[in-house]
Amino acid sequence: MIRKTRLFTPGPTPLLPAAQFAMAAADMHHRTPEFRALFQKVLAQLKVFVGTQNDVLLLASSGTGAMEASVSNLTSPGDKVLVLTAGKFGERWVDLVKAYGCVPDVLEAPYGKTFKLDDIRAALKPEGESPYRAVYMQASETSTTVSHDVEGVAKLLKGTDTLLVVDGITGLGTQSFDVDGWGIDVLIGGSQKAVMMPPGLAYLSVSEKAWKAMDSSKNPRYYFDLRKERKNAVKGESAYTPAVSLVAGLGAALDYIAGQAGGDLEKGRIALIDNAQVNAKATREGLKALGFTLFAPDSPSAAATAVAVPEGMDSGAVVKALKEKFRLVTANGQGTMQGKIFRVAHLGFFDYLDTVAFLGAAEHIAKDTLGLPVEYGQAVAAAQKVYAEAVKQ
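These numbers were taken from a predicted model, which means no experiment stands behind them.

Reading the values: the criteria
- Residues numbered from 1 in each chain as written.
- Predicted model: local features only at pLDDT ≥ 70, side-chain atom pairs only at ≥ 80, totals over all residues.
- Heavy atoms only, no water.
- Pairing = 2+ DSSP bridges.
- Helix = DSSP H or I, 4+ residues; strand = E, 2+ residues; numbered from the N terminus.
- Axes fitted to C-alpha atoms, helices over the stretch in contact; angles between N-to-C directions.
- Contact = heavy atoms within 4.5 Å.
- Buried < 20%, exposed > 50% of the residue type's maximum accessible area, 1.4 Å probe, protein only.
- Lys, Arg positive; Asp, Glu negative; His and termini not counted.
- Salt bridge = Lys/Arg side-chain N within 4 Å of Asp/Glu carboxyl O.
- Polar contact = N/O pair within 3.5 Å; in protein donor to acceptor, adjacent residues only side chain to side chain.

A. Region of interest: the sheet that holds strand β2 (residues 55-59). Here seven strands make up an open sheet; going across it, the order is β2-β10-β9-β8-β5-β3-β4 and the pairing mixed. Looking along the sheet, the strands with just one partner apiece sit at the ends: β2 and β4 (103-108). Ignoring which end each strand starts from, the neighbouring axes of this sheet average 20° apart. Looking at chain direction, strand β9 (residues 186-190) and strand β10 (residues 202-206) are connected through five bridges and run antiparallel. In the strand pairing of β10, L187 is matched with S205. Set on the sheet, helix α4 (residues 88-99) makes contact with β3 (80-85), β4, β5 (134-138), β8 (163-167) and β9; between it and β3 the angle comes to about 160°. Lying over the sheet, helix α5 (residues 117-124) contacts β3, β4 and β5, oriented at roughly 170° with respect to β3.

B. Structural context of the side chain of K193. Along the chain, K193 falls in the loop between β9 and β10. Of the side chains bearing the opposite charge, D167 lies closest to the buried K193, which forms no salt bridge; the N-O distance is 8.2 Å. In this structure the side chain of K193 is engaged in a polar contact, spanning 2.7 Å, whose partner is the backbone oxygen of P10. Other than its neighbours up to four places away in sequence, K193 contacts P10, G11, T13, I169, T170, L347 and G348.

Below, the structure is given as structure tokens:
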């Protein structure tokens, strides 16, 4: 039998064909009216996709570049910041703020769990200490597939001078944000996630509160100087050479998302989120039907699902078997979770039939590789029930 490669990792994710075609045809120079028009169009579309009236900037980097920019542009050496971490990407925030001389207080939740708002509230008001310059957190912790309560944290910061910076790299396109209403000062996204593109672009919304904070920030910055990007964006340019073909592909991807809702990008964004959430729920129910244990059952992300393998088994065996037997590429756990969980994605260019395909393959692996008592069709049937209920609404 032929085997078609299916990418089920939480980044990079499957590529949108229309974006690939647009990238292949993008042979324009970046200092021309043609590119300026494209760049301004994409920046305007990104504001709708993020859901904000704030400036949205586009950087030629991975999402980590935008994370670094949100530290270098907003802080000074010696600034106290609060980092909320419950996985590998929360730990990345810790490394970044330390690299720029900040003094982090770190509030940790166990892998697979989220934070208690009471603990955050207590951390935000330490006796005899000055307020934090910023709070850094994830919306969706990709390494453990946990969703965090961004709105709840934002409410705790309302009316304070503390900035809220959110890594939404796998959150955007899979969960809803009221960026302006909640008061998110920086929200970060990446091209290799829900917008169905290759890696190489990061985008971030920046509030007026954050722009004002940059005036007093003393950390060095050059390539990632957001003030330069804001100044150039008005003219339809980036401060430095942009990733021209990726920008063209992103424009095509955003057009596609809008086209799923009759040309309305805001409604298309909502449909994209709904799609991820239904596929995530269908996947969770299917895997539970096979006897798997969800790693983050209490606050699951719609970007991806993490699954714990039975005691004494190696999740790497599942990842390997799915790839060898079906060319289906999933992700092992990261760090201390390697060998204990595997992760399957739902964000971006996945649909319900992709979910059915994955669960059909998972039935074979559960039965043949792990020796679980599986009846063919039981995972797929559980997913079908979720889908049938969703389309009724």
